[in-house]
Amino acid sequence: MFRNKYDNDVTIWSPQGRLYQVEYAMEAVKQGMVTVGIKSQDYAVLVALCRAEGHTNDIQRKIMPIDSHLGMSIAGLTADAKQVCQYLRTECMSYRHTYEAAYPVSRLVTNLGNKMQPTTQRYDRRPYGVGMLIAGYDLKPHIYQVMPSANVMNCKAMAIGARSQSSRTYLERHLDSFLYSSKDEIICHGIQALRSSLGNDCGENIKITIALVGKEQTFMTLSDEECIKYLNMAQTLAKPDVQ
Amino acid sequence: MFRNKYDNDVTIWSPQGRLYQVEYAMEAVKQGMVTVGIKSQDYAVLVALCRAEGHTNDIQRKIMPIDSHLGMSIAGLTADAKQVCQYLRTECMSYRHTYEAAYPVSRLVTNLGNKMQPTTQRYDRRPYGVGMLIAGYDLKPHIYQVMPSANVMNCKAMAIGARSQSSRTYLERHLDSFLYSSKDEIICHGIQALRSSLGNDCGENIKITIALVGKEQTFMTLSDEECIKYLNMAQTLAKPDVQ
Amino acid sequence: MFRNKYDNDVTIWSPQGRLYQVEYAMEAVKQGMVTVGIKSQDYAVLVALCRAEGHTNDIQRKIMPIDSHLGMSIAGLTADAKQVCQYLRTECMSYRHTYEAAYPVSRLVTNLGNKMQPTTQRYDRRPYGVGMLIAGYDLKPHIYQVMPSANVMNCKAMAIGARSQSSRTYLERHLDSFLYSSKDEIICHGIQALRSSLGNDCGENIKITIALVGKEQTFMTLSDEECIKYLNMAQTLAKPDVQ
Amino acid sequence: MFRNKYDNDVTIWSPQGRLYQVEYAMEAVKQGMVTVGIKSQDYAVLVALCRAEGHTNDIQRKIMPIDSHLGMSIAGLTADAKQVCQYLRTECMSYRHTYEAAYPVSRLVTNLGNKMQPTTQRYDRRPYGVGMLIAGYDLKPHIYQVMPSANVMNCKAMAIGARSQSSRTYLERHLDSFLYSSKDEIICHGIQALRSSLGNDCGENIKITIALVGKEQTFMTLSDEECIKYLNMAQTLAKPDVQ
Amino acid sequence: MFRNKYDNDVTIWSPQGRLYQVEYAMEAVKQGMVTVGIKSQDYAVLVALCRAEGHTNDIQRKIMPIDSHLGMSIAGLTADAKQVCQYLRTECMSYRHTYEAAYPVSRLVTNLGNKMQPTTQRYDRRPYGVGMLIAGYDLKPHIYQVMPSANVMNCKAMAIGARSQSSRTYLERHLDSFLYSSKDEIICHGIQALRSSLGNDCGENIKITIALVGKEQTFMTLSDEECIKYLNMAQTLAKPDVQ
Amino acid sequence: MFRNKYDNDVTIWSPQGRLYQVEYAMEAVKQGMVTVGIKSQDYAVLVALCRAEGHTNDIQRKIMPIDSHLGMSIAGLTADAKQVCQYLRTECMSYRHTYEAAYPVSRLVTNLGNKMQPTTQRYDRRPYGVGMLIAGYDLKPHIYQVMPSANVMNCKAMAIGARSQSSRTYLERHLDSFLYSSKDEIICHGIQALRSSLGNDCGENIKITIALVGKEQTFMTLSDEECIKYLNMAQTLAKPDVQ
Amino acid sequence: MFRNKYDNDVTIWSPQGRLYQVEYAMEAVKQGMVTVGIKSQDYAVLVALCRAEGHTNDIQRKIMPIDSHLGMSIAGLTADAKQVCQYLRTECMSYRHTYEAAYPVSRLVTNLGNKMQPTTQRYDRRPYGVGMLIAGYDLKPHIYQVMPSANVMNCKAMAIGARSQSSRTYLERHLDSFLYSSKDEIICHGIQALRSSLGNDCGENIKITIALVGKEQTFMTLSDEECIKYLNMAQTLAKPDVQ
């Protein structure tokens, strides 16, 4: 009831100190397809579920490369994500041009948060309707979560999107093993975390995109063949886990 | 009921994380006449239904040439489409002037999406009320779908507009045959896909516009004679299909 | 009912994908006095009904000359039409100054449409309340219809304004004869089309304005004497038509 | 009822294609005191009724001189009229400075209309609440009527303001005699037309202002003595008219 | 009832052509303390009632000097009046600087009116809540009344503020005697006019401010001693008037 | 009831000519702690009550120094006061820089009033929620009261804030003795006036701040020791007053 | 009830002189995790509780370093805090660049308050939803509290956030001992104050962040090891306190 009165403008506080429009924008993230990010000592990996229904268009990939040391996966409105993506690409390009170096990941995401914050405070825009997992590597690998609230969090592993709670549960359960995982293992963990959110549909025929960045490894989206290879590998690894 | 409260401003999120005004603008596309885009290995083809009733005015063609390597067909508000068209033409012209080359198709549509996104996020405008199929050729043929949500999708084949679901069903059924189709075959597929959306009216007397672009073929809208030729050709090809 | 909710702002889409404010502005055109435009091989002709009641003021002429190769007739708000007229005159003048040539008609009306489109998309203005028939001649004669929706249509013949449906019916019935009509014949057709919308009032005493432009004929509004001459001529021609 | 919904913003069209706020502003003109304008072959004359009640302030004259060839009388909000007056004076002054000539009357009033039109189309202003009769002389005398709708009309004779319908009836009845009237006759016609709107109060003690401009006559407001002279003259002339 | 709908925005016309917000601002003037202005052949005099209750602050004088030939008295919001006052002072100073002369009074008040008019036409401001009597002298003395409606009136004598109708009645009754009154007489008339609005309180102990400007007399506010002198003088003169 | 309709926007006049939002802002002043200002022939003194409850933070002093000849005490929103304070400091600094002199007090407060007035007239801000007593010295001491209405008043003595009516009553009762009071006496009067508003709490343990400026005395806030000294002194002086 | 009407815009005063939107923003602070700041003669210390639930992301630290002499801890919206943080960092950096010195703490927080005040007075933004404790050292240590109301307070010790009243009670009880506390003691006091707000959860396993700045000590966030050391130390010290 009270809710009705304070939820139609991003610049209105509710008597309980909540910003309902920001919370509603978070719902748009929860309706996007699940995506997972994990980092080991040397790699940061993104795994994203792709829309499989409808074959006339190319799969709308949920992972977007930004710079050679940086990329992101998204859950929510693609058009909003692309706007953010363009901003990040321009920033990285201009940084490279000025300093002849890669934009430090933590500083970039801090600036992104500061750029997004006004959409939660000014009356003439709506908050972005997209959540992002940003995987980057400068001196070490990074996974950052950026949300419509303009909140930026440094993560060891994270999952966002529809039913992602199950993925986060998987990630927490295996958190200790990530740091010293090999490249293959960390990718398989990402796949398994994603699968946790699929419930009974957890068959072999899920369609996913995988990207990684790391030590001596520029940001790269894996080919379909490699994806299938890792799907099988994860399947094999997962079996003992089920026992 | 809830719907009533959150659907009168493009900057308002519903509690379920939806933007109703964007969804309503998508309805305007669904009320436009159906148009189809398909690409083969060498060609990208657009086929559009034209308003036939009322003879005093020229047929309002739904296909708009943009540059020698690029054109689009539309479903929805023509005036909105022309605004977009002018933007694309200006961009292409200015690119040619600067780089003495054709604007790469994928980059152009990405920029178009980013230009359209603010109409879904800022309070002082409405989302565009038009869907577009953009056919282009740079190193290979492209079909892109651009929607009021500012979503841009790379497609093998696509149909938008009134009752276009039937056309999309046709396209999905024949998807595998498009890649290695000849120019004539791919045009006939476009015509047949369009016809699927016409239901029982699927007679010989439909009025359509056809345009194509491809390898050693600048963007060209076919003459009425050629259209009739292809309509007959498609008719002949279609027969076995019905059997 | 739903209608009530979505019709008070030009930037609001209805759930059915309609823009009611644009549709309401079209109503203003339907309340203007009827005007007709026709083109033959060599001429573009405008015929407009004039307000006859009230003699203290000059007849408010509904035909406005724009440039030596261009003019327009209007239905709807005169003040809005004059604003548009001024824009077109300035454009033509500046074009002549730059290129020492007449502004190509089709390009000019395209730009006009693009100028009018924002009034249908931005919150701080209302759509124009006037419909226009633009008659021009560059390499051949043109009749363009421009509406509050910012829609621009290339026409062979067109009528807009109150009860103009009857005029359009007349035009469609005689459409085939226009192309090779002489100057006198095409003017008479315009008069007869206009008369069709007057119903039983279709007497000899209607007050009209006639303008034409064409091959070796700059845009010219006919004198009252010539108007009467053509009214009589049309009357004579019309008789057999009635039989 | 419907009326209630569409009449509180100048940028809102009613479903019938009306702009109620513009119509309401016209009401402000109807509440102003009546003023009459007439032109003969050589003269344009303005006659305006003045507020007589309250003697502590000078009579608020309803006729405003603009330039040596131009002046206007008003009905409605004086403050709005003065704003318009200042615009016209500045325009005339600047024209004289640039071209060393008088601003052609018809061009000036066209520009005035175009300046006033946005107040009927933009959301942040209200339409002007004043009607104006502009009397000018360049190659011949002119009477223009300018209304809150931004409509500009070239008139032979016109009356606006409270109960001005009676004055317009007088003007229409005598319309044919104006063109070849002498200066004295045309002024007397103006006075008689004004008197028509006063009903039974049509005594000798009405308070009026008279101004004229014409051939070899710069715009001039007559002295009180001359006014009285013409009032008497009109009285005498009027007598036979009553018989 | 209708009133309720059209009175909350200065840019909204009521169906009767009224601007309620402007009328409400006039109410603020009616609640200010009464002030009177009169002019004779040589002098313009302002008399204003001052707030007497509360002794801790200086009397808030209602008469503000503007330039050596100009001053004003106010009724309504003091803060609004000071804003206007500052504008007038700046204008006068800048005029003196440019032309080395006093700003002609009538031109200055015309400009003031034009500056105030937009507050009655634009949506983002409210009309000023103050009425002003401006007394000036250039070639002759002037009294101007300026109201929230931006109306400017040239007056022989005027009173505004609470119960000022009685003062205006006094002024009208003695209007003929003002022109040839001496300085003392005209001041006494001002005092008597003011007293008329005080009803039974019309004792000797009223607190007033008096200012005058005229031939060889720069604008000057009288000292308290002189005020008392004139109060007594007016008292004496008034007696016979009562008889 | 009517009140409800006209009190939610600072640019709306009520039918009675009141600005409710300005009146509501005045309420914020009435809820601030009481503060008193008095001037004698040579000194201007400010006395302010300080928040005593809660010891973890420094006492939020209600007296703010502005320049060496100027300071102010406040009642209402501190954040608003600081904004005003910053404006005054900047003005004084810039004046000193330009003229190498202290900003004349009366001119400064006039400008402050003019700067605050737009917050009571423009729609995009709220009126300031703070009242100020400004104590300054140029050729003589000054006490000015500035309120949310942008009203500026020159005072002999003044009190604002919660229950300040009692203080004002004290000040009026002793008004005659202030002019020739010594520095000590005038400070004691300030303390006693403040105490009048404290009712029965009028014990010895009230916490106050005292500041003064005057002849050969730059603006100075007294130390806690001196405050206690004067509190005791005032106590002693007050005793006979009670008798 | 009244509350409902005046609480949906930051520029609206309630009839009682309150700004509800500012008060609601204060609620957001009360929902943040508790944080404590204390200063001794030589040190300013910040202690903040960290979100412990959810291990996949790094702990979102509530203490942000600003410059070598300055840092802050926050309660409320992190994204808002980061925006403020960026402002402070930029200010400090630019100050260092200009003056080659540290920005004086009190002047910096005054400017911060003035920057935040407009969010409580202008219609197009919402007040910040974060409270901050700023610890700095220039000539001596400082703790400042900055709230959404833009209020800045100089504190000896302060606690903000959920259930912080208990912490403030602890701080007031031990206020006298802070000034001459050693570094270790003052940190332990901070921990104990924080614990007071945790109620029965006051176990050994709370997760906190500690930062300090002081004499010959740049702003430094303690390592996890040191935190544990101090937690134990505080535990030991606290025991006697409980007895």
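Residues numbered from 1 in each chain as written. Chains lettered and ligands numbered in written order. Predicted model: local features only at pLDDT ≥ 70, side-chain atom pairs only at ≥ 80, totals over all residues. Heavy atoms only, no water.

- In the annotation of an unreviewed UniProt entry, chain A is listed under the name Proteasome subunit alpha type and assigned to Drosophila willistoni.
- For the record of chain A, the UniProt heading Function (unreviewed entry) holds the text "The proteasome is a multicatalytic proteinase complex which is characterized by its ability to cleave peptides with Arg, Phe, Tyr, Leu, and Glu adjacent to the leaving group at neutral or slightly basic pH. The proteasome has an ATP-dependent proteolytic activity."
- For the record of chain A, the UniProt heading Subunit (unreviewed entry) holds the text "The 20S proteasome core is composed of 28 subunits that are arranged in four stacked rings, resulting in a barrel-shaped structure. The two end rings are each formed by seven alpha subunits, and the two central rings are each formed by seven beta subunits." (UniProt positions renumbered as here; feature names shortened; annotations may be inferred.)

1. Here we look at the relation of the copies chain A and chain B
- It takes a turn of 51° to lay chain A on chain B, together with a shift of 0.0 Å along the axis; the resulting RMSD is 0.0 Å.
- Looking at chain A, a mere 6% of its interface residues are interface residues in chain B too, so the copies touch through different faces. (Least-squares fit on C-alpha atoms with pLDDT ≥ 70 in both. Contact = heavy atoms within 4.5 Å.)

2. Re the pattern of salt bridges
All names here are of chain B.
- If you walk through the whole model with that rule in mind, you get 28 salt bridges over all chains.
- Two residues, E27 and K30, come together in a salt bridge whose shortest N-O distance is 3.3 Å. You can see E27 and its partner K30 sitting in helix α2 (residues 20-30), three residues apart, about one turn around the helix.
- Of the residues examined, E27 reaches a relative accessible area of 25% and is grouped as partly exposed. (Salt bridge = Lys/Arg side-chain N within 4 Å of Asp/Glu carboxyl O. Helix = DSSP H or I, 4+ residues; strand = E, 2+ residues; numbered from the N terminus. Buried < 20%, exposed > 50% of the residue type's maximum accessible area, 1.4 Å probe, protein only.)

3. Details of the relation of the copies chain G and chain A
- Of the transformation superimposing chain G on chain A, the axial component is 0.1 Å and the angular component is 51°, with the fit at an RMSD of 0.0 Å.
- A share of only 6% of interface residues in chain G that are also interface residues in chain A marks the association as one of differing surfaces.

4. Remarks on the sheet that holds strand β7 (residues 152-155) of chain E
All names here are of chain E.
- As summarised here, the arrangement of the five strands in space is β3-β4-β5-β6-β7, forming an open sheet in which the pairing is antiparallel. Only two strands of the sheet have a single neighbouring strand rather than two, namely β3 (63-67) and β7. The average angle at which neighbouring strand axes cross in this sheet is 25°, direction not considered.
- As paired elements, strand β5 (residues 130-137) and strand β6 (residues 141-146) share six bridges and run antiparallel to each other. Looking at the pairing, A135 lines up with I143 of β6. (Pairing = 2+ DSSP bridges. Axes fitted to C-alpha atoms, helices over the stretch in contact; angles between N-to-C directions.)

5. Remarks on the packing of helix α5 (residues 164-173) of chain D against helix α7 (residues 183-196) of chain D
Residues and elements named next belong to chain D.
- As a packed pair, α5 and α7 sit with axes 7 Å apart at the nearest point and diverge in direction by 140°. It follows from the interaxial angle that α5 and α7 lie oblique. At the point where α5 passes α7, the crossing takes the right-handed sense. Only H189, Q192, A193, L194 and S196 of α7 make contact with α5, whose side of the interface consists of S166, S167, Y170 and L171. (Parallel < 35°, antiparallel > 145°, perpendicular 65-115°, else oblique. Left-handed = near helix turned anticlockwise from the far one by under 90°.)

6. Concerning the packing of aromatic side chains
- A full pass over the atoms with the stated rule returns 35 aromatic pairs over all chains.
- Taken together, a centroid distance of 4.4 Å and an interplanar angle of 40° make the contact between Y95 of chain A and Y99 of chain A tilted. Taken as a pair, Y95 of chain A and Y99 of chain A lie in helix α3 (residues 78-99) at a separation of four residues, close to a single helical turn.
- Here Y20 of chain E and Y24 of chain E contribute two aromatic rings whose centre-to-centre distance is 6.2 Å and whose plane-to-plane angle is 45°, an arrangement assigned as tilted. You can see Y20 of chain E and its partner Y24 of chain E sitting in helix α2 (residues 20-30), four residues apart, about one turn around the helix. We note that Y20 of chain E, like Y24 of chain E, is buried.
- Three or more aromatic residues link up through ring pairs in this structure, and these residues are Y123 of chain A, Y123 of chain B, Y123 of chain C, Y123 of chain D, Y123 of chain E, Y123 of chain F together with Y123 of chain G.
- Here the guanidinium or amino end of K229 of chain D rests over the ring plane of Y230 of chain D, the centre of that ring lying 4.6 Å away.
- Geometry around Y87 of chain G places K115 of chain G over its ring, the cationic atom sitting 4.7 Å from the centre. (Phe/Tyr/Trp six-rings, centres within 6.5 Å; stacked < 30°, edge-to-face > 60°. Lys NZ or Arg CZ within 6 Å of the ring centre and 35° of its normal.)

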